[in-house]
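Each chain, written out:
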Amino acid sequence: ISAIVGAEIRPEQHAKLKETAEGIGVPFLTQPRRKSATYNEFVELIKSFQPDMIIVNSYSMLIPEEILVIPAKGAINIHGALLPEYRGANPIQWAILNEENVTGVTMHYMTEQFDAGDIVAQRKVPIFFEDTWIDVQARIAEASEQMLKDEIPKLLEGTNLRHSQNETHA
């Protein structure tokens, strides 16, 4: 791990991310908005790390192409739904509101569009009638952790599976 990056638009997460970064001895950075005076400097800093891969989870900020092309093995996102359904914000809440009985988590390659890249892996989790968002989020977090353990080695070795999303289901 070269660095941990927090989205400028989510300052409430910065303290925990900074604590995690300090705990493993890497810098904590904040991605500025693209129109910010410090944006180009941020992009150059990311380039200087020469990352093999960028891994994103619950970020809520678009990562532009000039950053997505930096890592040699791509940029990967963890999305709290079974893509292509429930792209975008608040996928767990939408699954609950729509009375789904199953949701899950998807690992996918990032593109300039939110949640639209090729799928690497998915894990399903149940939604029970009495569940709150917190209950489902806990199951998704557990499934995400296991998926990362299973898939990161394959991604780094270049042996992972990859398939495009069915746009008619998005």
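Residues numbered from 1 in each chain as written. Predicted model: local features only at pLDDT ≥ 70, side-chain atom pairs only at ≥ 80, totals over all residues. Heavy atoms only, no water.

Caption draft 1: Region of the structure containing the pattern of salt bridges. A complete count under the given rule lists 11 salt bridges for this structure. Residues Glu19 and Lys16 are paired through a salt bridge, measuring 3.8 Å at the closest nitrogen-oxygen approach. Placement of both Glu19 and Lys16 in helix 1 (residues 14–24) is noted, with a separation of three residues, approximately one turn of the helix. The exposed category is assigned to Lys16, whose relative accessible area is 54%. Arg162 is the salt-bridge partner of Asp118, the closest N and O atoms lying 2.8 Å from each other. (Salt bridge = Lys/Arg side-chain N within 4 Å of Asp/Glu carboxyl O. Helix = DSSP H or I, 4+ residues; strand = E, 2+ residues; numbered from the N terminus. Buried < 20%, exposed > 50% of the residue type's maximum accessible area, 1.4 Å probe, protein only.)

Caption draft 2: Representation of the packing of aromatic side chains. Using the criterion set out here, one finds zero aromatic pairs in the structure. In this structure, Arg162 is placed above the aromatic ring of Tyr109, and the distance from its NZ or CZ to the ring centre is 3.7 Å. (Phe/Tyr/Trp six-rings, centres within 6.5 Å; stacked < 30°, edge-to-face > 60°. Lys NZ or Arg CZ within 6 Å of the ring centre and 35° of its normal.)

Caption draft 3: A look at the nonpolar core. Ranked by size, the top nonpolar core spans 20 residues in total, and within it Ile76, Val105, Met107, Val120, Ile140, Met147 and Leu155 carry the most contacts. Of all elements in the fold, only strand 4 (75–79), helix 4 (91–97), strand 5 (102–109), strand 6 (119–126) and helix 5 (133–157) reach the threshold of two or more residues within this core. It is helix 5 that contributes the most residues to this core, six residues altogether. Listed in part, the 16 residues of the second largest apolar core include Leu29, Tyr39, Ile46 and Tyr59. (Core = buried A, V, L, I, M, F, W, Y, C linked by side-chain atoms within 4.5 Å.)

Spatial relationships are all this shows, so hold off on functional conclusions.
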